[in-house]
Amino acid sequence: MKDRMIDGADGDESGEAPARNVAVAAFGPAAELVGENRYLTLAFPLSGAQIRATVLERFPQLSQHRFSIAVDQKLVQDDQTVASGSEVAILPPFAGG
Amino acid sequence: MPEQPYIGPEKHLVQGPVPRSRLTEVTETFERNPRVGAVVSFCGVVRADELPDAPEGARVEAIEFSAYEEMAERAIRELCERLAGQTESEAVLLHVEHALGRVPVGEYPIVIVVGTGHRAEAFALCSGVLEALKSEVPIYGKELLDSGGAAWKKNTRP
């Protein structure tokens, strides 16, 4: 499991960190759906799938939309474990170029 | 001994359209490197598309670009380093700029300039950087219509 961890674990890896407020940043079309100055309450460590589920619970208006999750600017796959983070980004399919 | 790749500019995201003068400035700089034998460039241009769901006759007049800026800057730098590092050439020079904010029809949202020893690597790197940028960098574009509406741009075709 450890090799799937990203970012540094916050202190003791054996116990769950207490729930904390994490900033939510949404971009492109998701920004219009989610709005600004949003927070999620998360207790790390969490899988990408768990973070996605929490995002959808908090923002059900995203349920019909495709998006990726990034924690502290790193893309997180559903099966990846995130040890800690201070910002969750909601990223719809990219459209640069 | 090949030189270390050059990747520029320091900031890949610029406010407003990428200036047209950039193409010639960067090309001339790359040409001055005595190991460079091929310079390939790509400029994306905003098209006056008619969108499928828009009122008849309405056309795109500009695209408003936005990005998760810090992540996008880093993602562009990383893909450039990865692809330049995989390029076998006596010299690898790479310039990538992407616009933020409003880019009117006919202007450049993106400019890529590549200088290498020979043509095959230059074409491959230029096209590789463009495709990687489209799939790996959190940039968004809102297509603004001359009728007043808007629609989020989707990257659907090559």
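Bear in mind the structure is a predicted one, so any value in this text is a computation, not a measurement.

## Notes on the interface of chain B and chain A
Item 1. Contact residues are listed per partner, giving 22 residues for chain B and 17 residues for chain A.
Item 2. It is Tyr-68, Tyr-140 and Trp-152 of chain B that lose the most area in chain B upon contact with chain A, and together they represent 41% of the buried surface on that side.
Item 3. Where chain B packs against chain A, one counts 1 salt bridge.
Item 4. With a closest N to O distance of 2.5 Å, Glu-32 of chain A and Lys-142 of chain B form a salt bridge.

## Focus on the packing of aromatic side chains
Item 1. Enumeration according to the criterion identifies 3 aromatic pairs over all chains in this entry.
Item 2. Both rings, one in Phe-27 of chain A and one in Tyr-68 of chain B, keep their centres 4.4 Å apart while their planes meet at 20°; by these two values the pair is stacked. Here Phe-27 of chain A, found in the loop between strand E2 (20-26) and helix H1 (29-34), pairs with Tyr-68 of chain B, found in the loop between strand E4 (60-67) and helix H2 (69-85), and the two come from separate chains.
Item 3. Phe-27 of chain A gets classed as buried once you look at its relative accessible area, which sits at 15%.
Item 4. Taking relative accessible area as the criterion, Tyr-68 of chain B reaches 5% and is therefore assigned buried.
Item 5. With 6.3 Å between their ring centres and 75° between their planes, Phe-94 of chain A and Tyr-140 of chain B make a pair best called edge-to-face. Of this pair, Phe-94 of chain A sits in the segment after strand E8 (87-91) while Tyr-140 of chain B sits in strand E7 (residues 139-145), each in a different chain.
Item 6. Overall, the relative accessible area of 1% leaves Tyr-140 of chain B in the buried class.
Item 7. One cation-aromatic arrangement involves Arg-52 of chain A over Phe-67 of chain A; the distance from NZ or CZ to the ring centre is 4.7 Å.

## So, the nonpolar core
Item 1. Counting residues in each nonpolar core, the largest one holds 38 residues, and the members touching the most others are Leu-79, Leu-94, Val-96, Ile-112, Val-129 and Val-137 of chain B.
Item 2. Of all elements in the fold, only strand E3 (38-44), E4, H2, strand E5 (92-104), strand E6 (110-116), helix H3 (119-136) and E7 of chain B reach the threshold of two or more residues within this core.
Item 3. Every residue in contact with Leu-94 of chain B, bar those within four places of it in the chain, is listed here: Tyr-6, Ile-7, Gly-8, Phe-30, Cys-80, Ala-84, Ile-112, Val-113, Val-114 and Val-129 of chain B.
Item 4. Judged by nonpolar contacts, the second largest core, of 20 residues, contains Val-22, Val-34, Leu-46 and Ile-90 of chain A.

## Considerations on the pattern of salt bridges
Item 1. With the rule as written, the count across this model stands at 9 salt bridges over all chains.
Item 2. Across the pair Arg-52 of chain A and Asp-78 of chain A runs a salt bridge, and its minimum N-O distance is 3.3 Å. With Arg-52 of chain A in helix H2 (residues 48-58) and Asp-78 of chain A in the loop between strand E6 (74-76) and strand E7 (81-82), this residue pair connects regions lying 26 residues apart in the sequence.
Item 3. By relative accessible area, Asp-78 of chain A is classed as partly exposed at 40%.
Item 4. One connected set of salt bridges, linked through shared partners, spans Arg-22, Glu-25 and Glu-97 of chain B.

## What to know about unusual backbone geometry
Item 1. Note the cis peptide between Phe-44 of chain A and Pro-45 of chain A, where omega equals 0°.
Item 2. Tracing the backbone shows Pro-45 of chain A in the loop between strand E3 (38-42) and strand E4 (46-47).
Item 3. With an omega of -10°, the peptide bond between Gly-8 of chain B and Pro-9 of chain B qualifies as cis.
Item 4. Along the chain, Pro-9 of chain B falls in the loop between strand E1 (6-8) and strand E2 (13-15).
Item 5. Positive phi, close to 55°, is recorded for Asn-37 of chain A, a residue that is not glycine.
Item 6. Among the secondary structure elements, Asn-37 of chain A is positioned in the loop between H1 and E3.

Analysis parameters
- Residues numbered from 1 in each chain as written.
- Chains lettered and ligands numbered in written order.
- Predicted model: local features only at pLDDT ≥ 70, side-chain atom pairs only at ≥ 80, totals over all residues.
- Heavy atoms only, no water.
- Contact = heavy atoms within 4.5 Å.
- Buried area = accessible area lost by both parts, 1.4 Å probe.
- Salt bridge = Lys/Arg side-chain N within 4 Å of Asp/Glu carboxyl O.
- Phe/Tyr/Trp six-rings, centres within 6.5 Å; stacked < 30°, edge-to-face > 60°.
- Helix = DSSP H or I, 4+ residues; strand = E, 2+ residues; numbered from the N terminus.
- Buried < 20%, exposed > 50% of the residue type's maximum accessible area, 1.4 Å probe, protein only.
- Lys NZ or Arg CZ within 6 Å of the ring centre and 35° of its normal.
- Core = buried A, V, L, I, M, F, W, Y, C linked by side-chain atoms within 4.5 Å.

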